[in-house]
Amino acid sequence: SPPLMPVWMQMPHIPAVILWLGLAHEHLVVEADFASQFVIAKPTPAYEEFFRGIPREFVGTMEDLVDVVELVCAKMRRAFEDRDMVFPVWRHAS
C-alpha cells in the first residue's frame, strides 16, 4: 500500500494536516493544537467547564471535525450571548 501522504489544508481558523490512508480512501484530519482555537477572553463558568473537555489534539475524519466545530461554536455563541457580547463573525462554524 502507498505511504501516508500528508496534505496541508487551510480551514477557516484551523490549519490542519490531512492524511490520505492509501487503499482505504479515508482522510484523517490531524490538528496538534485544536483546543487553543476555541479560547475566549471572557468565558462563562459553563463554557470554562465545557472547554476543559475539548481535546488538545484532534485526529478524526473531516465529518467528525465539522461536527465538533459546530458543537463548540454553538457553546461559544451561548457564552458570548450570556455575557451580552457580540459573537464575532470569525467564530462562526460555517
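Scroll up for the structure.
We now turn to the structure provided with this report. All values reported here derive from a predicted model rather than from experimental measurement.

1. Considerations on a negative patch on the surface
So, point 1. On the surface, a cluster of negative charge is made up of Glu63, Asp64, Asp67 and Glu70.
So, point 2. As for its position among the elements, Glu70 is in helix H2 (residues 62-82).
So, point 3. Glu70 gets classed as partly exposed once you look at its relative accessible area, which sits at 45%.

2. Overview of the environment of Arg83
So, point 1. Counting through the fold element by element, Arg83 comes out in the segment after H2.
So, point 2. Classification of Arg83 as partly exposed rests on a relative accessible area of 39%.
So, point 3. Sequence separation between Arg83 and Pro43 is 40 residues, and the spatial gap between their C-alpha atoms is 8.3 Å.
So, point 4. With near-sequence residues (within four places) excluded, Arg83 lies in contact with Lys42, Pro43, Thr44 and Pro45.
So, point 5. Here Pro43 takes part through its backbone oxygen, which lies 2.7 Å from a polar atom of the side chain of Arg83.

3. Topic: the packing of aromatic side chains
So, point 1. Tallied over the full model, the rule gives five aromatic pairs.
So, point 2. For the pair Phe34 and Phe38, a centre-to-centre distance of 5.1 Å together with 65° between the ring planes defines the contact as edge-to-face. Neither residue differs from the other here; Phe34 and Phe38 are each classed as buried.
So, point 3. For the ring pair Phe34 and Phe58, a centre distance of 5.3 Å and an interplane angle of 35° mean the geometry is tilted. Here Phe34 is found in the loop between strand E3 (27-31) and helix H1 (45-52), whereas its partner Phe58 is found in strand E4 (residues 58-60), with 24 residues between them in sequence.
So, point 4. Overall, the relative accessible area of 0% leaves Phe34 in the buried class.

4. Re the pattern of salt bridges
So, point 1. All told, the structure shown has one salt bridge when counted by the stated rule.
So, point 2. Among the salt bridges present, the one from Arg78 reaches Asp82, with a minimum N-O distance of 3.0 Å. In this pair, Arg78 and Asp82 both sit in helix H2, four residues apart, roughly one turn of the helix.
So, point 3. Among the residues examined, Arg78 registers a relative accessible area of 52% and is labelled exposed.
So, point 4. Accessibility expressed as a relative area gives 45% for Asp82, which makes it partly exposed.

The rules behind these values
Residues numbered from 1 in each chain as written. Predicted model: local features only at pLDDT ≥ 70, side-chain atom pairs only at ≥ 80, totals over all residues. Heavy atoms only, no water. Patch = residues over 30% accessible without salt bridge, like charges linked within 9 Å, V, L, I, M, F, W, Y side chains within 5 Å. Areas by Shrake-Rupley, 256 points an atom, 1.4 Å probe, with all protein chains shown as cover. Salt bridge = Lys/Arg side-chain N within 4 Å of Asp/Glu carboxyl O. Lys, Arg positive; Asp, Glu negative; His and termini not counted. Charge placed at Lys NZ, Arg CZ, Asp CG, Glu CD. Helix = DSSP H or I, 4+ residues; strand = E, 2+ residues; numbered from the N terminus. Buried < 20%, exposed > 50% of the residue type's maximum accessible area, 1.4 Å probe, protein only. Contact = heavy atoms within 4.5 Å. Polar contact = N/O pair within 3.5 Å; in protein donor to acceptor, adjacent residues only side chain to side chain. Phe/Tyr/Trp six-rings, centres within 6.5 Å; stacked < 30°, edge-to-face > 60°.

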